[in-house]
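Survey of secondary and tertiary structure
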Amino acid sequence: MITNVPRGPADLHFFGANSTSAFGVLAMENYEDLCHMIASLGDEVTITFVSTPERMPDPDHYSALLSTAFEELSASIRGAG
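These notes cover the structure that comes with them.

Definitions and limits used
Sequence order sets the numbering: in each chain, residues are counted from 1 along the sequence as written. Owing to the predicted nature of the model, reporting of local features is limited to residues with pLDDT of at least 70; listing and counting of side-chain atom pairs is limited to 80 or more, with chain, interface and lining totals taken over all residues. The basis for the side-chain values is all heavy atoms of the structure; hydrogens and waters are excluded. Every helix listed is a DSSP run of H or I at least four residues long, and every strand listed is a run of E at least two residues long, numbered separately from the N terminus. The rule is simple: take the accessible area with a 1.4 Å probe, protein chains only, and divide by the maximum for that residue type; under 20% is buried, over 50% is exposed, in between is partly exposed. Note on contacts: a residue pair qualifies if any of its non-hydrogen atoms lie within 4.5 Å across the two residues. In this description, accessible areas are obtained by the Shrake-Rupley approach with a 1.4 Å probe, and a residue is regarded as covered only by the protein chains that are shown. Paired strands are those between which DSSP finds at least two bridges. Both site types are read off a 1 Å grid over the protein atoms alone. A 1.4 Å probe that fits but cannot get out defines a cavity, while an open set with protein on both sides within 12 Å along at least five of seven lines defines a pocket; lining residues have an atom within 4 Å of a point. Grid points are joined across faces, edges and corners, and a volume is the space filled by probe spheres set on the points. Only Asp, Glu, Lys and Arg are considered charged, only Ala, Val, Leu, Ile, Met, Phe, Trp, Tyr, Cys and Pro nonpolar, and every remaining residue, Gly among them, polar. When a carboxyl oxygen of Asp or Glu is within 4 Å of a side-chain nitrogen of Lys or Arg, the pair counts as a salt bridge.

1. With respect to the overall build of the protein chain
A tally of regular secondary structure across the protein chain gives one helix and five strands. Counting from the amino terminus, the protein chain carries its helices and strands in the arrangement β-β-β-β-β-α. If one aligns the C-alpha atoms of the protein chain with their principal axes, the spans along those axes are about 40 × 35 × 20 Å. Considering the protein chain as a whole, with its 81 residues, one finds that 21% of them fall into the buried category. Intrachain contacts of the protein chain at a sequence separation of at least 6 include 38% that bridge at least 24 residues. In the form shown here, the protein chain has an accessible surface area of approximately 6100 Å², with 57% of it arising from carbon and sulfur atoms.

Below, the structure is given as structure tokens:
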């Protein structure tokens, strides 16, 4: 499962303080074993995932792969503009 939560421009406030980032907490249902959430606030994007040990025996490796893929995608978009 992948869900996206765009928060819009970085002008959100919490008890008078400016928000600096957005993230989400994922809860898995019985039939899910890998979930992703993509949250954005202004120019910042946060990618969160949660999984079961059976599906994701090495979450650090998966996190590194996601990070590399996102950086490559970001670079290609910046290069195209």
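Having seen the model, we can carry on.
2. Section: the pairing of strand β4 (residues 34-41)
Counting buried residues in β4 gives six out of eight residues, a clear majority hidden from the surface. Here β4 pairs with strand β5 (residues 44-51) via eight bridges, running antiparallel. Bridge assignment links Leu-34 to a residue of β5, and that residue is Ser-51. The hairpin formed by β4 and β5 contains two residues between the paired strands, and Gly-42 there has a positive phi angle of roughly 65 degrees.

3. Structural notes on the environment of Ser-40
Considering the arrangement of structural elements, one finds Ser-40 in strand β4. The sequence separation of Ser-40 and Ser-21 amounts to 19 residues, and the corresponding C-alpha distance is 7.5 Å.

4. Quick notes on the layout of surface pockets
Gaps between atoms show up when a probe of the same size as a water molecule is rolled over them. Taken as a whole, the largest pocket spans an internal volume of roughly 150 Å³. Lining the largest pocket are Val-45, Ile-47, Phe-49, Ser-63, Leu-66, Ser-67, Phe-70 and Glu-71. Of all elements in the fold, only β5 and α1 (59-80) reach the threshold of two or more residues within the lining of the largest pocket. It is α1 that provides the largest number of residues to the lining of the largest pocket, a total of five residues. In the lining of the largest pocket, the residues fall into five nonpolar, two polar and one charged.

5. Some details on the pattern of salt bridges
Counted by the stated rule, this structure contains one salt bridge. Between Arg-55 and Asp-33 there is a salt bridge whose closest N-O contact spans 3.2 Å. Linking Arg-55 in the loop between β5 and α1 with Asp-33 in the loop between β3 (17-18) and β4, this pair joins segments that are 22 residues apart in sequence. For Asp-33, a relative accessible area of 27% puts it in the partly exposed group.

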